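Structural overview
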Amino acid sequence: MHKGLLVAFGFGSPMAAIAASQAYTWANVKIGGGGGFVPDIVFNPSQEGLTYARTDIGGAYRLNPDDSWTPLLDWVDNARWDQWGCDALATDPVDPSRLYLAAGMYTNYYDPNNGTILISTDYGNTFTPSPLAFKVGGNMPSRGMGERLAVDPHSNNILYFGARSGHGLWKSTDYGATWANVTNFPSVGTYAPDPSDPTGIESDLTGIAFVTFDSTSGSNGAATPRIFVGVANEGSDNIFMSNDAGATWAAIAGQNNTYLPHKGVLSPEEGVLYISESNGSGPYDGTLGAVWKYDISTGVWTDITPVSGSNLYFGFGGFAVDLQKPGTIMVAALNSWYPDGQIFRSNDSGATWSPLWSYGDYPAINKYYTYSDSLAPWIGPDYTITTAGTLQIGWMMEGLSIDPFDSDHWLYGTGETIYGGHDLTKWDTIHNVTIDSLANGVEETSVQGLISPPTGAHLLSALGDIEGFVHDSMTMPPLAAYTNPTWSTSADLDFAGNVPASIVRIGTGDASTTPQVALSTDGGMTWTPDAGAPTTATGGHVALSANGNTVLWSTSSTGVIVSTDMANFTTVTSLPSGSVIASDKKNDSVLYAASGATFYVSTDSGVTFSAAGTLGASTAPVKIIANPNTAGDVFVSSDKGIFHSTNVGQTFTSLSGPTEAWAIALGASATSGGYPALFAAASIDGLVGYYRSDNVGQAWVQINDVNHGFANAASNVVSGDPRIYGRVYIGTNGRGIWYGDISAS
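Residues numbered from 1 in each chain as written. Predicted model: local features only at pLDDT ≥ 70, side-chain atom pairs only at ≥ 80, totals over all residues. Heavy atoms only, no water.

**Overview of the sheet that holds strand β38 (residues 517–520)**
Read from one edge of the open sheet, four strands run β36-β37-β38-β39, paired in antiparallel fashion. Edge positions in the sheet fall to β36 (490–495) and β39 (528–529), since each of these pairs with one other strand and no more. Two elements, strand β37 (residues 503–507) and β38, share four bridges in a ladder whose sense is antiparallel. Residue pairing in the sheet places I506 in a bridge with V517 of β38. (Pairing = 2+ DSSP bridges. Helix = DSSP H or I, 4+ residues; strand = E, 2+ residues; numbered from the N terminus.)

Here you go:
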């Protein structure tokens, strides 16, 4: 899943109690399908039913008995925003209450923080941080490799962690509290997806791919002697082994080094290590690969790749062994983009394989499963599609696991959701298994925009990678995403103040093939591409005039442009590129913009803008909002706080309290006919949090708490509900959409 690479500035301290606070009840707006990449799913081998999933930007989850998931990192706040990136996970096979997460978002300049090993002794209910001396990349390339973090099955005080960026292999002997570099390990990894990438994303060294202990070696109470480590080397040795608990290491003889190792999975009863490989680090790339097994006792490598020749056009990622049935194994195609993803299963240690689908008479394909997306109907048709070209079973499949206590229970992660089922052994008889969407509780979307109009549905969203939805219910998943046009990512949306059923949305796709602006006149139920949309404009932010006639678009590619009545867009030469924009919600001819400390106003429907009031010493305005009830009444958030004007932006006053603010929104007033409540993601008294004021900023109450931090304040969006006093919606970069109401207590 592609995420916006967002950088937060002005980090505050971790949240603490402030003088004014109000208890809120928080819950996710249910989308139901996950919405993002789930790199791995890990079953604990010792405690039945104990299962975890990690995500790249939304933290980690624990499986519940009813197949739903409980999020574990909702306490992550602005100061620790990067800890929603989960690059590795280890569940202790000796003491199952112990859980370890390698947390950190990026290894380049997007993230200034070093990584952290989060340690839990109560199944992830609480965590203690163990700081690392280097960065961790939960949203970097190769995040589906692994697991890079492992607990010694015979002496669980010992852990190993494989780092990125040339930092090598690390070891802890005190349950993860402290870490030391394994200086005698022979390789830190030489592979980078694109060494010339100036951002540091693709040019960063992938590093260690996996750490796997051989539980069949050694005995309880002493360090496990045999350890396997996979390293991202292409064309040189990449699988290393120690037979003396890490005292010495050597490359295993006879290994294949053509591709990069992704998974190293032990089959204890067989005495075999299985390796899945790809010619890319994933999760997006991979056009060739292989699957190998290594017989530990004989030292023999065997190529067990399921397909060859023209049928091999992908690498391999997720790999699973059935601990109840030695020799039963599964492997997933990492990126089979057409006609569908693919999973292979073998009952004879890879000598022969059967696929999840096979070709019929083109374009028909034989799919050996039944399919249900009832928990997330928007994912696709709730039936098995038998024509080529629909990615129904998923893509980016790096996480694939079979329950060690139940051979029928399997789960796998994709770029969009978690799939799986409870009748896996049917594969070996009637060759027809049930695949269900099983991501209930995993809300991983990257939210780009939210609106809550005064009529129609209470909430509409613009989302990364899964378009966006009309949310008719907070507790039921939507049936379908926006269509006509359909994009991967919606960047923003807005409604017309006087005719709120009129809505505009914009996308981030290829404008030369599909217009990236669309209009609706029925509250987002149906859409029409804007006939005047240019073939070069994409992304950014959008505003719709009060009567829905004029679209003002601050694009990410071609500056600020404007169109009325679907005419061709024209450049607004009087505004700087990248300007923050908004519309007055009552006066159709008035539009607003801000850049630096200057506020701009147009009174001719965006044709021209003139500089008006100033925003103090602001250098980076973030959001403009207009009072839906009063023309000319407008607020601006910036790096210097929140500014308010009651005279069409001619003059501004600075609201007391916020010293820096990001998303702001207006909602229903506390009293009939009163002034709208003002919501803000802001820093007040040095505390970055989420606040509400019922008296135009004269006093504030903090509405989030220590259990709901919402991570990076600069990445999030906020919308107030104009029909429910106190109701606020917060869109996060990784944990979906939240709605909060004043607590009854």
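**Focus on the packing of aromatic side chains**
Within this structure, the stated rule accounts for 32 aromatic pairs. Considering the side-chain rings of W410 and W427, the 6.4 Å spacing of their centres and the 75° angle between planes classify their relative orientation as edge-to-face. Residue W410 is located in strand β30 (residues 410–413), and its partner W427 is located in the loop between β31 (418–421) and β32 (433–437); the two are separated by 17 residues in the primary sequence. Ring pairs connect the aromatic residues Y24, W26, Y690, F710 and W738, which therefore count as one cluster. Above the ring of W487, the side-chain terminus of R505 is found at 4.4 Å from the ring centroid. Directly above the aromatic system of F495 lies the positively charged group of K585, at a separation of 4.4 Å from the ring centroid. (Phe/Tyr/Trp six-rings, centres within 6.5 Å; stacked < 30°, edge-to-face > 60°. Lys NZ or Arg CZ within 6 Å of the ring centre and 35° of its normal.)

**Remarks on the environment of Y592**
Position of Y592 among the secondary structure elements: in strand β45 (residues 591–595). Along the primary structure Y592 and A332 are separated by 260 residues, whereas in three dimensions their C-alpha atoms are 51 Å apart. A polar contact of 2.5 Å, which involves the side chain of Y592, links it to the side chain of D584. (Polar contact = N/O pair within 3.5 Å; in protein donor to acceptor, adjacent residues only side chain to side chain.)

**Some points on the pattern of salt bridges**
Going through the model one piece at a time under the given rule, you end up with 16 salt bridges. A salt bridge links K367 to D340, with the shortest nitrogen-to-oxygen separation between them at 2.4 Å. Linking K367 in strand β27 (residues 365–367) with D340 in the loop between β23 (329–333) and β24 (343–346), this pair joins segments that are 27 residues apart in sequence. Relative accessible area serves as the criterion here: at 10%, K367 is assigned to the buried category. Each of D87, R148 and R164 takes part in salt bridges that share partners, so that together they form one network. (Salt bridge = Lys/Arg side-chain N within 4 Å of Asp/Glu carboxyl O. Buried < 20%, exposed > 50% of the residue type's maximum accessible area, 1.4 Å probe, protein only.)

**Notes on the pairing of β32**
What you see with β32 is a clean split: V433, I435 and S437 sit on the buried side and T434 and D436 on the side with no burial. As judged from the four bridges shared by strand β28 (residues 369–372) and β32, these two strands associate in the parallel manner. Its bridge partner being in β32, T370 is matched across the sheet by T434. Across two bridges, the pairing between β31 and β32 is antiparallel. Bridge assignment links Y419 to a residue of β32, and that residue is S437.

**Details of a nonpolar patch on the surface**
A surface patch of nonpolar side chains, amounting to about 380 Å² of accessible area, comprises W337, Y338 and Y362. Checked against the element boundaries, Y362 lands in the loop between β26 (357–359) and β27. (Patch = residues over 30% accessible without salt bridge, like charges linked within 9 Å, V, L, I, M, F, W, Y side chains within 5 Å. Areas by Shrake-Rupley, 256 points an atom, 1.4 Å probe, with all protein chains shown as cover.)

**Comments concerning the side chain of R692**
Following the sequence through the fold, R692 ends up in strand β54 (residues 687–693). In this structure the side chain of R692 is engaged in a polar contact, spanning 3.1 Å, whose partner is the side chain of Y24. Of the polar contacts made by the side chain of R692, one reaches the side chain of Y725; its length is 3.1 Å.

**Notes on empty space enclosed by the protein**
A complete count under the given rule lists two cavities of 30 Å³ or more for this structure. Each pocket or cavity is described by its volume, and for the second largest cavity that value is around 30 Å³. Per-class residue counts for the lining of the second largest cavity are four nonpolar, one polar and two charged. (1 Å grid on protein atoms, 1.4 Å probe; cavity = no way out; pocket = protein on both sides within 12 Å on 5 of 7 lines; lining within 4 Å. Points joined across faces, edges and corners; volume = space filled by probe spheres on them. Nonpolar A, V, L, I, M, F, W, Y, C, P; charged D, E, K, R; others polar.)

**What to know about the layout of surface pockets**
Its volume calculated, the second largest pocket comes out at about 930 Å³. If you go around the second largest pocket, you meet 35 residues; those closest to its centre are V42, F43, P45, V265 and L266. If you list the elements that add at least two residues to the lining of the second largest pocket, you get β2 (40–43), β6 (86–91), β10 (149–151), β14 (208–213), β18 (260–267), β22 (316–321) and β29 (400–402). A breakdown of the residues in the lining of the second largest pocket according to their chemical character gives 23 nonpolar, eight polar and four charged.

**Thoughts on unusual backbone geometry**
Residue P283 is reached from G282 by a cis peptide bond, and omega for that bond is 5°. The topology assignment puts P283 in the loop between β19 (272–278) and β20 (289–295). Looking along the chain, the bond that leaves Y362 and enters P363 is cis, with omega of 5°. Tracing the chain through its elements places P363 in the loop between β26 and β27.

**A word on the sheet that holds strand β11 (residues 159–162)**
Ordered in space as β10-β11-β12-β13, the four strands form an open sheet in which the pairing is antiparallel. Two strands bound the open sheet, and with one partner strand each, they are β10 and β13 (180–181). Here two bridges tie strand β12 (residues 169–172) to β13, and the two strands are oriented antiparallel to one another. Among the inter-strand pairings, K171 is bridged to a residue of β13, identified as A180.

This is a description of form; function is not addressed.
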